[in-house]
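The chain contents come next:
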Amino acid sequence: MAGVLARRDRALNPEETEALLREHLGEQVLGSVVEFGTFTCKLAPEGWVEAARLARDEPQLAYDLFDSLFGVDAREEGFDVVAVLYSTSTGNRLVLRTRVPGGRDAPRLASITEIYRGADWMERETYDMFGVVFDGHPGLEPRILTVENFEGWPLRKDFHLASRAAKPWPGVKEPAELDEDGNVIERVPEIGDAPGPYELDKAMAAQAKAVIEQERVEREERERKAAERAAKAAERQARKEAKARAAAEAAAAKAAAAEADADQQPASSDEEDGA
Amino acid sequence: MSDLSTREKIHPGTAPGEDIALEIVGDGDFATTDMTLSIGPAHPATHGVFRIVLELNGERITAARPVIGYMHRGFEKLAEYRDFRQIKALVNRHDWLSGFSNELGVALVVEKMLEMEVPDRAQWIRMLIAEWNRVLNHLMFVGSFALELGAITPMFYAFRERDEIQYLLEAATGGRLHFTYNQVGGLKLDLPKGFLAESVRLSKLTQERLPDYFDLVLGNEIFQARTVGVGPLPPEVALSFGVTGPTLQAAGVPEDSRVTEPYLKYDEVDVPVHLGENGDSFDRFACLLYRIQYSLHIIDQIHDHLPAGPVNTKLPKMVKAPEGAAYQRIENPLGQLGYWLESDGGRTPWRLKMRTPSFSNVQSIPYLLEGMLVPDAISVLGSVFFVVGDIDR
């Protein structure tokens, strides 16, 4: 598993990619275009499967992430099928596009499910929405999104939106809002165009942060004081214990001494008592 | 007759998650016929109106077939009847847990086609709200996944945080699910007074509470027993299916649009990505939790960067995208969201393809479930994070 963007510096640019595809596919590469930063390669339908295989297996291309596959209505000429591929190692994106043979009546294209697992459901969806049949697909039926007995191909342009056909659009027709007499309302830009209550907001955010900081400082101060108190208490305790120990030792010594004295002069003490 | 030692193999005292070798012993009296089990639509284990048909041999799944489309609402068709500025109200409904991210994608792709400069402040605010939206989404899954495995408490914890964040976003956008806060060229309105202070407070609060989830769920022995080693997804298979987001990151692929193809101002902030090792249910959930933590990390950075200035641009009376097609992908909470917008130069899109993360992620479920035991299927269904509306559109 190559790392993500590990080969970005060696990624092919659009011209090189097209040259590489052309080298293998020859005439089946019909052309290419870079639109809004996305590189699209147009293919003849015969080269569709082979192009996908190359895109995945050619080490310089290595398009491993299967992004999506879908149909686009191409008016009288039928339908286009578009596949979007992405390479995690080079960071490149490749869009393959082909016009499906068979026109609007019987569109058929070869399936790329053998190459990308993700193509399975995407092709089923394209079949469901446009009626494009994919040869070699494990099972386009039952229809994936619509109900099983649904008639028609919803995303074809000749399939009319029923609600729109029945009654006109209830909202304002044109985005430039019209009043009741049909005059364009000129909106005076208000809140959105102004810089907003920014300084105040920033101050309040700073305050919130200061409160958090203050809390932290106070907590640390409390903890430090508590630690100090604990240390002092421990010290006091230790002193007390030492004192107690010293007293005990002294007492023991005294007792020992007294005992020794008692052994030496039992008589004299008796005399003293008597006196 | 079989002796006791072989019989023990039928009911082995193994820990959950361990490989259990179910064997037919003796003269084959234990052989079972295949059974078809249909779970859903609308079953507690399936996250909404999603149906999955399992072919079973005993407790073992031999094949799984998800049946989708119960919530198909035809957004792609509807979008062809709407102005470029109106689509956002449609797209924030397909993945209802990440409305803001969806409309952000559409705004970005239209702006790309119009070659429009968006003010800096708008871009930073978009990032801020998008990250809060991500936290909201992930908290929902933290709660629901644990709930499916039988733990009720995390759901309450998650909703405690979710509600506070909902109020925050409601203050700015006026919406709780369908924000409709973006517009082509910027945002509808500037942030309200006091929003940033509340955002700062809430970010800190959530970060303080986050360890609870790590301890309560990830550290839970029962949770680990139900998820560790269950449903591993190898990286090559994941990529071939087009699986993205936390599910792909759990397989060890650090693919995240915010890092690899930065949009907005993501190249100016630090975006960490947590990676799993085995790609199993446990890793998928861990990636989800870490994404919350890192989103909050990004939110903290945005607080420090947010510049002053306008938040939108004046639009012409008629917005017409030039002829051609553009593709924009963004990192949605559940994975990579892509919009292919094709225009014929008219007032409405010629084609808007929504490449939704849930659709691709759910496609990998049959692969994951094959050969698995039924109780483990719940763990897999819950951890390949998806929203049904996002599958069916």
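Bear in mind the structure is a predicted one, so any value in this text is a computation, not a measurement.

Draft legend 1. Representation of the confidence of the model for chain B within the structure. All names here are of chain B. Taken residue by residue, chain B gives an average pLDDT of 84. The fraction at 70 or more is 91%. For chain B, per-element mean pLDDT is lowest for helix α1 (residues 4-7), which scores 42, and highest for helix α12 (residues 281-305), which scores 91. Segment residues 1-14: pLDDT under 50, and twelve contacts once partners within four positions in sequence are set aside and those in other chains are kept.

Draft legend 2. Representation of the packing of aromatic side chains. All names here are of chain B. On inspection of all chains with the given rule, the structure shows 18 aromatic pairs over all chains. Ring plane angle 65° and centroid distance 5.1 Å describe the contact between Tyr-263 and Tyr-266, whose orientation is recorded as edge-to-face. In this structure Tyr-263 comes out as buried when scored by relative accessible area, which is 6%. Its relative accessible area of 2% is what places Tyr-266 among the buried residues. Among the aromatic residues, ring-to-ring pairing joins Phe-145, Phe-223, Phe-282 and Phe-285 into one connected group. Above the plane of the ring of Tyr-157 lies Arg-160, whose end atom (NZ or CZ) is 4.8 Å from the centre. Taking the ring centre of Phe-159 as reference, the NZ or CZ of Arg-162 above it sits at 5.3 Å.

Draft legend 3. Looking closely at the sheet that holds strand β6 (residues 324-332) of chain B. Residue and element names in this part refer to chain B. The strand order β6-β7-β8 describes an open sheet built from three strands, whose pairing is antiparallel. Of all strands in the sheet, those with a lone pairing partner are β6 and β8 (351-355), marking the two edges. This sheet shows a mean twist of 10° between the axes of neighbouring strands, independent of strand direction. The sheet contact formed by strand β7 (residues 335-343) and β8 spans five bridges and is antiparallel. In the strand pairing of β8, Trp-340 is matched with Lys-353. Each of β6 and β7 is contacted by helix α4 (residues 99-114), which is oriented at about 150° to β6, the strand it contacts most.

Draft legend 4. Quick peek at the nonpolar core. Core analysis: the largest hydrophobic core is formed by 82 residues, its most contacted members being Ile-129, Trp-132, Tyr-181, Leu-191 and Tyr-266 of chain B. The leading source of residues in this core is helix α5 (residues 120-148) of chain B, at 15 residues. Those residues in contact with Ile-129 of chain B, other than ones at most four positions away along the chain, are Phe-100, Leu-169, Ala-172, Tyr-181, Leu-191 and Phe-195 of chain B. Residues Val-100 of chain A together with Ile-68, Leu-233 and Ala-377 of chain B belong to the second largest nonpolar core, which totals 74 residues.

Draft legend 5. Inspection of α4 of chain B at higher detail. An ideal rise of 1.5 Å per residue puts 22 Å on 16 residues; α4 of chain B measures up with 23 Å between its terminal C-alpha atoms. Among the 16 residues in α4 of chain B, 14 count as buried, and that is most of the element.

Draft legend 6. Structural context of the pairing of strand β4 (residues 79-86) of chain A. Residues and elements named next belong to chain A. Counting buried residues along β4, eight of its eight residues qualify, which places the element largely inside the surrounding structure. Here β4 shows a buried face lined by Phe-79, Val-81, Ala-83 and Leu-85 and a second buried face lined by Asp-80, Val-82, Val-84 and Tyr-86. Here strand β3 (residues 65-73) runs beside β4; their pairing, made up of eight bridges, is antiparallel. Directly across from Asp-73, in β4, lies its bridge partner Phe-79. The turn joining β3 and β4, which pair antiparallel and follow one another in sequence, is formed by five residues; a positive phi near 55° is taken by Arg-75. As judged from the seven bridges shared by β4 and strand β5 (residues 93-99), these two strands associate in the antiparallel manner. Across the sheet, the residue bridging to Ala-83 is Leu-96, located in β5. The turn linking β4 back onto β5 is made up of six residues, and Gly-91 within it adopts a positive phi angle of 75°.

Basis of the calculations
Residues numbered from 1 in each chain as written. Chains lettered and ligands numbered in written order. Predicted model: local features only at pLDDT ≥ 70, side-chain atom pairs only at ≥ 80, totals over all residues. Heavy atoms only, no water. pLDDT = per-residue confidence, 0-100. Helix = DSSP H or I, 4+ residues; strand = E, 2+ residues; numbered from the N terminus. Contact = heavy atoms within 4.5 Å. Phe/Tyr/Trp six-rings, centres within 6.5 Å; stacked < 30°, edge-to-face > 60°. Buried < 20%, exposed > 50% of the residue type's maximum accessible area, 1.4 Å probe, protein only. Lys NZ or Arg CZ within 6 Å of the ring centre and 35° of its normal. Pairing = 2+ DSSP bridges. Axes fitted to C-alpha atoms, helices over the stretch in contact; angles between N-to-C directions. Core = buried A, V, L, I, M, F, W, Y, C linked by side-chain atoms within 4.5 Å. Expected span 1.5 Å × (residues − 1).

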